Amino acid sequence: MACNTDFISGDAPERIIVLQSRLSDLAAGYKLFYKHELPSTNDWAYTLGLEMDAAPAVFLCDMQTRGKGRFGRVWESREGASLTFTVLTEPKCGVESFP
């Protein structure tokens, strides 16, 4: 099964379409979401995850203006200077399994 491309906008650069096709074997069943610029891929993944049960999915952008990392770290990314993405997975167990 290939990645679901229904969530890649029609104005996505060719390199995003190529990326999707190359990852299809590795990311079977994952939806690929793309936007050119975002405040945060984490926020986007959280919002869509709640709104439309998006998992499993990869949220990808070229530039982040308020990226978020571990320990509350925040950064900006310039276009073409870094990989900016969030992977949303489906847990294999319920929250009751966690302490």
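Residues numbered from 1 in each chain as written. Predicted model: local features only at pLDDT ≥ 70, side-chain atom pairs only at ≥ 80, totals over all residues. Heavy atoms only, no water.

K.L.:
So, the packing of aromatic side chains: which residues are in play, and what are the values?
P.N.:
Applying the stated rule across the entire model yields 3 aromatic pairs. Between F33 and W44, the aromatic rings sit 5.9 Å apart at their centres with planes inclined by 80°, giving edge-to-face as the arrangement. Here F33 is found in strand β1 (residues 31-38), whereas its partner W44 is found in helix α2 (residues 41-52), with 11 residues between them in sequence. Across the pair, W44 and F33 agree in class, each one buried. Judged by centre distance (5.3 Å) and plane angle (70°), the rings of W44 and F59 are edge-to-face. Taken together, the positions of W44 in helix α2 and F59 in strand β2 (residues 57-64) put the pair 15 residues apart, joining distant regions of the chain. Of the two residues, W44 and F59, both sit in the buried class. Through a chain of ring-to-ring contacts, three or more aromatic side chains come together here, namely F33, W44 and F59. (Phe/Tyr/Trp six-rings, centres within 6.5 Å; stacked < 30°, edge-to-face > 60°. Helix = DSSP H or I, 4+ residues; strand = E, 2+ residues; numbered from the N terminus. Buried < 20%, exposed > 50% of the residue type's maximum accessible area, 1.4 Å probe, protein only.)

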